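Coordinate analysis (summary)
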Amino acid sequence: MMPISNPSIRDQQHPLIRQLADRVEQIWHHHLDLEPYSLPDDLGYVEGKMEGEKLVIENHCYQTPQFRKLHMELAKVGNALDILHCVMFPRTEYALPMFGADIVGGRGRISMAITDLSPTSEDRILPQEYDRLLAQLPDVKFSQERRFPGWGDIFSPYCLFIQPQAAEEEQQFVDRVAQYLELHCQQAVATQPTPERGEEILEGQRNYCSRQQENDKTRRVLEKAFGSEWADRYMTTVLFDVEDGENSDEPEQIAQ
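In this text, all values refer to a predicted model and were calculated from it rather than measured experimentally. (Residues numbered from 1 in each chain as written. Predicted model: local features only at pLDDT ≥ 70, side-chain atom pairs only at ≥ 80, totals over all residues. Heavy atoms only, no water.)

1. Describing the overall build of the protein
Secondary structure assignment for the protein yields six helices and eight strands. Reading the protein from its N terminus to its C terminus gives the helix and strand order α-β-β-β-β-β-β-β-α-β-α-α-α-α. Relative to the compact-globule value of 18 Å for 256 residues, the protein shows a C-alpha radius of gyration of 17 Å, a close match. Restricting the contact set of the protein to residue pairs at least 6 apart, pairs at least 24 apart contribute 64%. Just so you have it, the protein exposes about 12,100 Å², and 46% of that area is on carbon and sulfur atoms. Computed over 25 positive and 44 negative side-chain charges, the inter-centroid distance for the protein is 7 Å. (Helix = DSSP H or I, 4+ residues; strand = E, 2+ residues; numbered from the N terminus. Rg over C-alpha atoms; globule rule 2.2 N^0.38 Å. Contact = heavy atoms within 4.5 Å. Areas by Shrake-Rupley, 256 points an atom, 1.4 Å probe, with all protein chains shown as cover. Lys, Arg positive; Asp, Glu negative; His and termini not counted. Charge placed at Lys NZ, Arg CZ, Asp CG, Glu CD.)

2. Some remarks on helix α6 (residues 228-239)
Along α6, the residues that are buried comprise W230, A231, Y234, M235, T237, V238 and L239. Considering only its buried residues, α6 is in contact with β2 (45-50), β3 (53-63), β4 (67-77), β5 (81-90), α4 (198-212) and α5 (216-226). (Buried < 20%, exposed > 50% of the residue type's maximum accessible area, 1.4 Å probe, protein only.)

3. A short note on the environment of D102
Its location among the elements puts D102 in strand β6 (residues 98-106). Setting aside chain neighbours within four positions, we find D102 in contact with L84, H85, M112, A113, I114 and F173. Within the structure, the side chain of D102 is placed 2.7 Å from the side chain of H85, a separation counted as a polar contact. (Polar contact = N/O pair within 3.5 Å; in protein donor to acceptor, adjacent residues only side chain to side chain.)

4. Overview of the pattern of salt bridges
Counted under the stated rule, the structure contains 16 salt bridges. Note that D42 and R233 form a salt bridge whose closest N and O atoms lie 2.8 Å from each other. Remark: R233 occurs in helix α6 and D42 occurs in the loop between β1 (35-36) and β2; sequence separation between them is 191 residues. Overall, the relative accessible area of 29% leaves R233 in the partly exposed class. For R197, the salt bridge identified is with E200, shortest N-O distance 3.1 Å. A relative accessible area of 30% places R197 in the partly exposed class. Within the structure, one salt-bridge network assembled from shared partners comprises R10, D22 and E25. (Salt bridge = Lys/Arg side-chain N within 4 Å of Asp/Glu carboxyl O.)

5. Some remarks on the pairing of β2
Only one face of β2 is covered, namely the one carrying V46, G48 and M50; the face carrying Y45, E47 and K49 has none of its residues buried. In the sheet, β2 pairs with β3 via six bridges, with the strands oriented antiparallel. Bridge pairing in β3 places M50 opposite E53. Counting the residues in the hairpin turn of β2 and β3 gives two residues, including E51, whose phi is positive at 50°. (Pairing = 2+ DSSP bridges.)

6. What to know about the confidence of the model for the protein
With 92% of its residues at a pLDDT of 70 or more, the protein shows a mean pLDDT of 90. Scored below 50 in pLDDT, residues 1-6 makes 15 contacts in the model with residues more than four places away or belonging to other chains. This model gives residues 245-256 a pLDDT under 50, and the stretch forms 28 contacts once residues within four places in sequence are excluded. (pLDDT = per-residue confidence, 0-100.)

7. Thoughts on the packing of helix α2 (residues 128-135) against helix α3 (residues 167-190)
α3 packs onto α2 with a crossing angle of 150° between their chain directions and a minimal axis gap of 11 Å. Considered as vectors, α2 and α3 are oriented roughly antiparallel to each other. The two elements α2 and α3 meet at a crossing, and its hand is right-handed. Side by side, α2 and α3 meet where E129, Y130, L133 and L134 of the first sit next to Y180, L183, H184, Q187 and A188 of the second. Across the contact of α2 with α3, the residue classes break down as six nonpolar, two polar and one charged. (Axes fitted to C-alpha atoms, helices over the stretch in contact; angles between N-to-C directions. Parallel < 35°, antiparallel > 145°, perpendicular 65-115°, else oblique. Left-handed = near helix turned anticlockwise from the far one by under 90°. Nonpolar A, V, L, I, M, F, W, Y, C, P; charged D, E, K, R; others polar.)

8. Some thoughts on the side chain of E73
With respect to the helices and strands, the residue E73 is situated in strand β4. Salt bridges are absent for the buried E73, whose nearest opposite-charge side chain, K69, sits at 9.8 Å. A distance of 2.5 Å separates a polar atom in the side chain of E73 from a polar atom in the side chain of Y234. Discounting residues that sit within four places of it in the chain, E73 has contacts with I57, E58, N59, I83, L84, H85, Y234 and L239.

9. Considerations on the packing of helix α1 (residues 15-31) against α3
Where α1 meets α3, the axes come as close as 10 Å, and the angle between the chain directions of the two elements is 20°. The pairing of α1 with α3 is recorded here as roughly parallel in orientation. You can see that α1 and α3 cross each other, and the crossing is right-handed. Contact with α1, carried on its side by L16, Q19, L20, R23, V24, I27, W28 and H31, involves E170, Q171, F173, V174, D175, V177, A178, L181, E182, C185, Q186 and V189 of α3 and no other residues of that element. Tallied by class, the residues present in the contact of α1 with α3 amount to twelve nonpolar, four polar and four charged.

Structural data, given as structure tokens:
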């Protein structure tokens with residue numbers, strides 16, 4: 001088993017981000033057979049400046065037989081902004097949804113928290129077993145739900161998009177992310193590969209990534225710190241890349 005990483009900025013971020021980052025890694029290590037995934041040398045750890053504040057980005061990536069890339073990004077802009085971003089990219093022979101979770105906070109409070117298991121099938125519907133298991137989870141209520149952006153049609157009916165208002169709601173969110181992730185890892189390990197559906201799965205992932213790249217808020221932060229060319233490369237190489245054989249930065253698949 002690979003040791004759980006202890007990134008340098010995690011202890012400086014909002015406690016909710018630290019808690020979720022630790023929880024995600026623990027679940028990954030418990031359920032999955034992890035191997036390293038190598039990012040381009042200049043994109044794994046990045047420092048810059050944004051409006052006079054120091055910006056630090058740390059990326060932590062793994063791969064497994066079922067997942068081409070497990071990616072968790074931790075970012076910090078001075079004392080003004082803390083970010084956790086996590087996406088799991090299934091290999092194209094596995095008909096699995098896209099797990100994602102994000103938290104954005106600043107100056108001691110959380111402004112946004114989202115998690116989902118987003119379908120990638122041609123009909124944009126979750127696999128039947130996922131739908132059955134997700135429907136069995138206990139209801140959770142949050143006092144302030146956020147409106148989905150225009151590109152939010154990629155999300156499932158089980159997507160949580162909130163601004164938690166108290167410590168209790170913050171804990172409920174972390175617990176729900178953990179439930180989604182536990183379910184996802186268990187289903188992934190139990191799923192048999194279906195290489196004949198590879199093109200359909202790949203097209204679903206392309207749609208997910210292209211829609212996510214429409215997130216203007218993420219792009220604006222990166223452009224302010226590093227310029228538009230770098231921001232575009234980062235978003236298409238690290239945040240939302242697609243396994244299409246055209247990206248020379250892509251590491252080779254591990255043995256099945």
